[in-house]
Amino acid sequence: MPKCIFVTGGVLSSLGKGIAAASIGALLESRGLKVTIQKLDPYINVDPGTLSPFQHGEVFVTDDGAETDLDLGHYERFTHIRTSQSNNFTTGKIYYNVISKERRGDYLGDTVQVIPHITDEIKQAIKSVSNDNDVVIVEIGGTIGDIESLPFLEAIRQMRYDVGRENVLYVHLTLLPYIKTSGELKTKPTQHSVREIRAIGIQPDLLLCRTDRFLTPEAKKKIAIHCNLEGDSVINAIDVETIYEVPLALHAEGLDGQIVQKLGLTSKEADLSAWTNIAHRIKEPKNEVKIAIVGKYVGLKDSYKSLTEALIHGGIANDCRVTLEWIDSEEVEVHGPDKYLSDVDGVLVPGGFGYRGIEGKIDSVRYARLKKIPYFGICLGMQCAVIEFARNVCGLKANSSEFDLNAQAPVIYLMEKWYDFRKGRVEERTELTQKGGTMRLGAYPCVIENDSLASAAYGQKDISERHRHRYEFNNAYRGVVNKNGMTISGVSPDGELVEIVELRDHPWFLGCQFHPEFKSRPTEPHPLFRAFIGAALHEKRSLFP
């Protein structure tokens, strides 16, 4: 069993436990250690796939088709980890496993209880990602004091006794608010949070204090005394300009050194040159472009977390600041696209579900096509591009059967059978299929046509990308759209599933059925985002040399 680091949070939610856990992973990797990161979420849904983006934010998808918490995206972007089903467990999944075992007869004679059966299942989930890693970092979702978190906290409390105190480290993230009227940082919320977690048997080893300013030595000493910690175990997690500075800021506070020392790890000195370079390129770029994101979940930016980060990565690759214009597609339906898109350098329409706001997205596609603005459509954004082209160029009364079951020309439809290359079998679905976990999910192969925008971006013919969708391009309309100027430049190896479409008579217009944002990293910007931002910058320079 590797060393375990458990990351918890107190005072309030959205403090940044995911970024903290990911940054710890980045710091330990920079010291030559092999790590993995797991998220344990307290909600009862089996996975976040059926949750509203407004409630939970983005659903991140892994190669093996797991619909997971958005924090797994942070884990992948900050480290070299490729996450899987085992990297995200919810209360729902844990209870589902235990109840399945009870029905199967695994617990015959036992009264099934939270302790030990639920807590043992949680500990087994943690052990499932141990493999040959040096360190397993486990983030506990929610906030200390939440009733639904208690089984997870009890399980990680037990872990110290199961694997030895020297092999477990507890990191607690809290908030120190600054009160302007008194001109001071208040430590009381942190004291209460630590008291709460100590009451259930967990003494934090390290305290990460979120602040907007540096803690004084006196403040650190005060916190340490009240929280039963050594002074240097109180770490200032100060606000920074970009999340990619967090590993640098925590290293400057000595966090990785503390972890290595407290866990007795053998490692080299940290090499953070890559993170220094990334932070510099984000903060001091030579160029700038403005990109419009036309979506319907723009009220909560976390709904598009991987997307916004991938655009930043595309900017890093082009030494370019990417300014984002968030545009509600329903507003486009009311006021028209010219009001919102006339001064942007690129238009991106992301994924989504349902009819609301669709016509605004389609109007935005048409505007980008006619005005020759670089366009990038992802998942539903690709489908909107196909519908718009079929309507306004091919002259069809086109729509998706997702929005109109009686569409005269269903250029996008529910494909009821397709071959799953990862599972090696034919998958089936209908309108009556249950919603959870039944989409085309995870990594699928794609073959790219030569002499295409996709080929120029990737520089290779065979790729693999992650999917999360239920509807597909209708092959019955391949001929008519191709005849009128839309190229199908990427398909599945058997040629049945359309993955990428492009327009021939346009500076840069591409739609993909998959979600490339899930595989982009600041150290390895995704080829399509690199190409899209590059095209937007090129067109801007053409207009304003």
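Note that the coordinates shown come from a computational prediction; the quantities given were computed from them, not determined experimentally.

Caption draft 1: Structural view of the sheet that holds strand β17 (residues 409–413). The strand order across the open sheet formed by 3 strands is β16-β17-β22, and the pairing between neighbours is mixed. Every other strand in the sheet has two partners, leaving β16 (398–400) and β22 (472–473) as the edge strands with one partner each. Alignment of β17 against β22, held across 2 bridges, turns out to be antiparallel. Looking at β22, one finds that I412 is bridged to F473.

Caption draft 2: Region of interest: unusual backbone geometry. A cis geometry characterises the amide bond from I115 onward to P116, with omega recorded as 15 degrees. Relative to the helices and strands, P116 resides in helix α5 (residues 114–127). Phi is positive for N131, which is not a glycine, with a value near 45 degrees. Its place among the elements puts N131 in the loop between α5 and β6 (135–140). One non-glycine residue, C379, lies in positive phi territory at about 60 degrees. Looking at the element boundaries, C379 is found in the loop between β15 (375–378) and α16 (380–392). What makes C379 buried here is its relative accessible area of 5%.

Caption draft 3: Layout of the pattern of salt bridges. Tallied over the full model, the rule gives 32 salt bridges. Between R103 and E102 there is a salt bridge, with the nearest N and O atoms lying 2.6 Å from each other. A salt bridge links R160 to D205; the nearest nitrogen and oxygen atoms lie 2.9 Å apart. Remark: D205 occurs in the loop between α7 (188–199) and β10 (206–211) and R160 occurs in helix α6 (residues 150–163); sequence separation between them is 45 residues. One exposure class covers both R160 and D205, and it is buried. Each of K39, D41, D69, D71 and E139 takes part in one network of salt bridges that share partners.

Calculation notes
- Residues numbered from 1 in each chain as written.
- Predicted model: local features only at pLDDT ≥ 70, side-chain atom pairs only at ≥ 80, totals over all residues.
- Heavy atoms only, no water.
- Pairing = 2+ DSSP bridges.
- Helix = DSSP H or I, 4+ residues; strand = E, 2+ residues; numbered from the N terminus.
- Buried < 20%, exposed > 50% of the residue type's maximum accessible area, 1.4 Å probe, protein only.
- Salt bridge = Lys/Arg side-chain N within 4 Å of Asp/Glu carboxyl O.

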